[in-house]
Amino acid sequence: MRRHCWWLGLVVCGVAHAADPVHEVAADPPNDLAVTVYRSPYRSAGSLELDDLEGFALIRETRVIRIPAGETRVRFEGVADGIEPVSAIVSGLPGGLIERNRDAALLSPETLIAATAGKAVTLVRSNRRTGKAERVSGTITASNDGVVFHTADGFEALQCSGFPEDVEFTSTAGLAAAPTLSILVRTAAPLTQEVTLSYLARGFDWAADYSATLSPDGKTLDLGAWVTLGNSNGIGFPSAHTQVVAGKLNRETDEVDPIDLGGPVIARCWPQGKTSDVAILQIARDASERRSAALAAPMALAAKSAGALEEIMVTGSRIQQEQLGDLKLYRVPERTTVASRQSKQVRLLDRQAIPVRILYTAFVSPEETEGQSQIAKVLLRTRNVKESHLGLPLPSGRLSLFEHHGEDSLLVNEAPVRDTAVNEEVEIDAGTSNDVHVVTVAEETNIDEGTAKTISLVPGISLRNVAETGTGRTEISNARSAPIEFELRMRLPDGVRVIRADHRVGTKNGQPIFRLTVPANGTLTVRYQLASFKTELVRP
Amino acid sequence: MRTRVIVMASALLGTVPVAASAADRAVSVTIYNNDLALIQDKRDLQVQGGRQRVEFQDVSARIRPETVSLAASDLSIVEQNFDFDLLTPGKLMEKAVGQEITLVRVNPLNGVETREQAQVLATNGGVVLKIGDHIEVLRDDGLPVRVIFAKVPDNLRAHPTLSVTVNSTRAGTRTATLSYLTPGLGWKADYVALYDEKESKIDVQGWITLTNSTGTTYDNAQTLLVAGAPNQVEGGNQYPQQQFYRPQPRNNLQQAGTESGTRERLGDYYLYPLAERTTIANQQTKQVSFLDVRGVPAEHGYEYRNRWLGTQEKPASARTTYSFSTGSKAGLGDQLPAGILRFYMKDQRGDPQFIGESRIDHTPMGSRLSLDTGDAFDVKVKPTVLKRTRLSTFDWQSDMSYELTNALPRPVVVKLLQDGLIADSRILKESLKSTRRSADVAEWSVTVPANGSTTVTATFETRF
């Protein structure tokens, strides 16, 4: 039963609606939870920022509902704040689901007073000196930018008189305290049923963090990795089956309407300037600024107020991998708690003595260079196969490379790792070496006039095709006390070829490559001849 | 919609306004795809003869007032206004300038209440009052003073209010229909597709998702959803949009359907009426089921599209695709309104896990859809430009190779596309027969063995 009473110059009392036959029931809290965390598709390989987790998770909750016969609204309270309501699935219902809803408004002083507008409330006005409270019944007339209420005396504004004034409500007007999803169901008989609610929620992410230690002889590598998963939601998931999914999947969902976390009631009044001061205006302005800040970023505000963000949990259990369509699913074998505003680490892998080759490499553009020196890049190369003590999918993430220095191991470089399937080549970026410099010099260019062909385009302008050859050299110097393997790679423009060289030339990715060994404390020079077929405009 | 209707006689007539009965209400809401809804509110309206004002509170706060129409017999509209002047304490005081208010003071020592009348002189910065024969600033002494207003001015509203001045040729009750267009109500479809890898089948559930940001709740409304976006003429200034080249997005619709189905239509739009009346609360996301099909054959495939002269230093993942029919035979058997299809697949424990999503446009029945859900971890392609040779001034020969690798324990078929073959480009030589999807695109259907690789080579002759 609902009654509308309102005022507009005179009292008009509303017509009673027909009795509402819908029962209201809250589902039991979840008795089983599963959380599958997906990596943000667009995040680079850096660390997770708990304040800004762009990934998401699939949450699955098993709950018991007890519903009477007829139409019932079942509320699932305490879902993640970042819920994408359109993704919710309720399964296990024996039919009769009419609709499902998510209300964005949560119970707060602001929403409560807005929901109570037009309804009867009790106003409590107390005398500061005597402590005597006066209770008056009235209605809230409007709550736009300040509250106007009506009593038998007339219209007044809330908290403008200087008396302590308060509103007492009789109900919470159906507003939920925590983010809530509800379904409307119809059954012929009362029912107790276990149902599964699953939904996608924002505010999760995970990262793979590899750490690799190179052996003192530089021939093998020990590789370990952690999965770090973060939950920035205000809701925790105790004792949950926890999975993470590796791979990049499509996301199309637009912005999710943030849940309105509500705000205080701002009792804004008429101008209250006095002859003696101006400070009160400032207070009012501060209050309004606070309010607009709260409206602009309710989620951010919640994040800040939650405090203690950087708690990191490390568990000892090792993760298990399985195939999920074209993605990789990693399962934490034991139930674990994905707490609110927490990041948690689980061991992903530990592999010892992976054989690696240390390679130095540089890209040169022999046609464009004028003899500048560049430093070589260092790569560790291996293959993701069982024989190399690997042979497992490596999800994308960040790798920190360490080298032994006496007793310690020190950080050498950090590099991104891409999603690497089994049997793929693995190249670990180990930074650059100042000991290995590369200088490329273009020595000479010749045009063979005998091959020149001229095509007249318009009178006075013609196109001339000529064969051009050039010679050049690249010097690689090695200041290390051991010989190094070096891959010299060329970037040649369209139609330019290496026709002769004093070292064996191969092809990689369609471009020339020289696989060389540079002697210890020595220099190696590669000479080559390039040929091309050029077209130029000629104006005689 | 809790539209409260109050009929007020015009002040000139000096008669008392009366409330219309809301017992026989029928609100119907028709929602289009492009943030537009038509609200029709049918009710009994009790009016007097002559000129008077009818007020509709709690219409959508985002109403397009120029689209309002009020239809009732023996009633003609004189003018209509949409009042946004909301009732706030500040406005209440401002409108009281020149008028009498009541002040209630309480003696802080003995609690004795005294009342006096005051006239509001100004509200600029502070409230200046005339009490008896002296002028005072409200609460200048800091002591509590209650201010009581006898009434709220007519033009201050607790809610945005539509007021219509009508001229009635007779008094009495009649049925009136108020209709208007408003943005803020929208709908789209959301689909849940569970793919069964062993059976190569999908189960698809379709949900209609309604959203309401109009600031108003529509109670017990008959709801009709229109799969279509009527053209809306925009107000304001229009600037020509700059056109930049963008690569063609992947086309989800492989073949447009030609089946008609049994859905209701409005012109060329499909209609999705909700079976029951429903309450669309403000700020609510509401979902109602409209499709539940099980065991539709679906095909899991891979696709990689290489741009012209694309070389990858490291192998790049192929796209995972799922294709199925929306036809009545071996298909979903329905028109699909535009929305997002979310794919799930069961993990080894049997729990469904999310594996990606894809957006679809309005899709006629009988279409073939091929939706991509993301990158395949284990199926990769490494395209390489092996050699570029200048054949003559305007002719180039390009030797390409595509190495396809598969780390899955089963063979896969990858649809390999090479685009950019414009003008009279020709394939001189290829290791596998291609089909020319269009002048622009060559397509190879490449089988890659389990845990193996396949290399496709092709030589193109082009003008660039």
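Residues numbered from 1 in each chain as written. Chains lettered and ligands numbered in written order. Predicted model: local features only at pLDDT ≥ 70, side-chain atom pairs only at ≥ 80, totals over all residues.

Describe the overall build of chain A, and please don't skip the residues or the numbers.
Broken down by element type, chain A carries three helices and 32 strands. In chain A, the share of contacts with a sequence separation of at least 24, taken over all contacts with a separation of at least 6, comes to 75%. (Helix = DSSP H or I, 4+ residues; strand = E, 2+ residues; numbered from the N terminus. Contact = placed C-beta atoms within 7 Å.)

Go over the overall build of chain B, please, and point to the residues and values.
Along chain B, the regular secondary structure elements total one helix and 32 strands. Its C-alpha atoms give chain B a radius of gyration of 34 Å, more than 25% over the compact-globule value 23 Å for 464 residues. The principal-axis extents of the C-alpha atoms in chain B amount to approximately 105 × 55 × 55 Å. Here chain B holds 464 residues, and the buried ones make up 40% of them. For chain B, restricting intrachain contacts to residue pairs at least 6 apart in sequence, the fraction spanning at least 24 positions comes to 73%. (Rg over C-alpha atoms; globule rule 2.2 N^0.38 Å. Buried ≥ 20, exposed ≤ 12 C-beta atoms within 10 Å, placed from the backbone.)

Hey, could you go over the pairing of strand β23 (residues 316-325) of chain B for me, with residue numbers and the actual values?
Residue and element names in this part refer to chain B. Most of β23 is tucked away, with eight of its ten residues classed as buried. Two strands pair when backbone bridges link them, and strand β22 (residues 284-306) and β23 are joined in this way by six bridges, in the antiparallel orientation. Following the sheet pairing, Glu 303 is matched in β23 by Arg 319. Across nine bridges, the pairing between β23 and strand β26 (residues 368-392) is antiparallel. Opposite Tyr 322, over in β26, you have Leu 371 as the bridge partner. (Pairing = 2+ DSSP bridges.)

Could you give an account of the environment of Ala 225 of chain A, naming the residues involved and the relevant values?
All names here are of chain A. Structurally, Ala 225 can be placed in strand β16 (residues 220-231). Residue classification places Ala 225 among the buried residues on the basis of 23 C-beta atoms within 10 Å. With residues near it in sequence (within four places) discarded, Ala 225 still touches Ala 208, Asp 209, Tyr 210, Leu 348 and Leu 349.

Residue-level account of the sheet that holds strand β12 (residues 154-157) of chain A, with values.
All names here are of chain A. Judged by pairing direction, the sheet is antiparallel, and its five strands sit side by side in the order β12-β11-β10-β9-β13 without closing on themselves. Each end of this open sheet is capped by a strand with a single partner; those strands are β12 and β13 (165-168). Pairwise comparison of adjacent strand axes, ignoring direction, gives a mean angle of 40° for this sheet. Where strand β9 (residues 120-126) meets strand β10 (residues 133-142), seven bridges bridge the pair, whose relative direction is antiparallel. Pairing of Ala 120 across the sheet is with Thr 139, part of β10. (Axes fitted to C-alpha atoms, helices over the stretch in contact; angles between N-to-C directions.)

Tell me about the environment of Gly 132 of chain B, residues and numbers included.
Along the polypeptide, Gly 132 of chain B turns up in the loop between β10 (128-131) and β11 (134-137). The spacing of Gly 132 of chain B and Val 448 of chain B is 316 residues in sequence and 98 Å in space, taken between C-alpha atoms.

Explain the interface of chain A and chain B to me, and be specific about the residues and the numbers.
At the interface, 86 residues of chain A touch 90 residues of chain B. A class-by-class count of the residues in the side of chain A that touches chain B yields 36 nonpolar, 28 polar and 22 charged. Sheet topology places strand β8 (residues 97-103) of chain A next to β22 of chain B; four bridges connect them, and they run antiparallel. By the bridge assignment, Arg 100 of chain A is partnered in β22 of chain B with Gln 287 of chain B. (Nonpolar A, V, L, I, M, F, W, Y, C, P; charged D, E, K, R; others polar.)

Give a detailed account of the pairing of strand β29 (residues 426-430) of chain B, specifying residues and quantitative values.
Residues and elements named next belong to chain B. Of all five residues that make up β29, zero are buried, and the element is exposed over most of its length. Where β29 lies against strand β32 (residues 452-462), four bridges are found, and the strand directions are antiparallel. Bridge assignment links Lys 429 to a residue of β32, and that residue is Thr 459.

Pulling in residues and values, what's your account of the environment of Ile 235 of chain A?
Residues and elements named next belong to chain A. Take Ile 235: it is sitting in the loop between β16 and β17 (237-246). Taking the C-alpha atoms as reference points, Ile 235 and Arg 341, separated by 106 residues in sequence, lie 8.1 Å from one another. Every residue in contact with Ile 235, bar those within four places of it in the chain, is listed here: Gly 78, Ala 80, Asp 81 and Ser 340.

How would you explain the confidence of the model for chain A if you had to name every residue and give the values?
Residue and element names in this part refer to chain A. When pLDDT is averaged along chain A, the result is 80; 84% of the residues meet or exceed 70. When the criterion is pLDDT under 50, residues 1-19 qualifies, and its contacts beyond four places in sequence or with other chains add up to 28 contacts. Counted against residues more than four places away or in other chains, residues 277-312, with its pLDDT under 50, gives 26 contacts. (pLDDT = per-residue confidence, 0-100.)

Tell me about the sheet that holds β11 of chain B, and please be specific about residues and values.
Residues and elements named next belong to chain B. On the basis of which strands lie adjacent, the open sheet formed by five strands has the order β11-β10-β9-β8-β12 and antiparallel pairing. Bordering the open sheet on either side are β11 and β12 (145-148), each of which pairs with just one other strand. The average undirected angle you get between the axes of adjacent strands in this sheet is 40°.

Tell me what's going on with the confidence of the model for chain B, and back it up with residues and numbers.
Residue and element names in this part refer to chain B. Averaged over all residues, the pLDDT of chain B equals 84, while 91% of them reach at least 70. Within chain B, the element-level pLDDT minimum falls on strand β2 (residues 18-19), averaging 40, and the maximum on strand β31 (residues 442-448), averaging 95. In the predicted structure, residues 7-23 sits below a pLDDT of 50 and forms 39 contacts with residues beyond four places in sequence or in another chain. Confidence over residues 242-247 falls short of pLDDT 50; this stretch has zero contacts with residues more than four positions distant or in other chains. This prediction of the complex comes with two scores: 0.79 for pTM and 0.78 for ipTM.

Quick rundown of unusual backbone geometry? Include the residues and the values.
Of note in the backbone geometry, Asn 521 of chain A takes a positive phi value of approximately 45° without being a glycine. Looking at the element boundaries, Asn 521 of chain A is found in the loop between β31 (511-518) and β32 (522-538). C-beta crowding within 10 Å serves as the criterion here: with 13 such atoms nearby, Asn 521 of chain A is assigned to the partly exposed category. With a phi angle near 45°, Asn 451 of chain B is a residue other than glycine that sits in the positive phi range. Mapped onto the fold, Asn 451 of chain B is located in the loop between β31 and β32.

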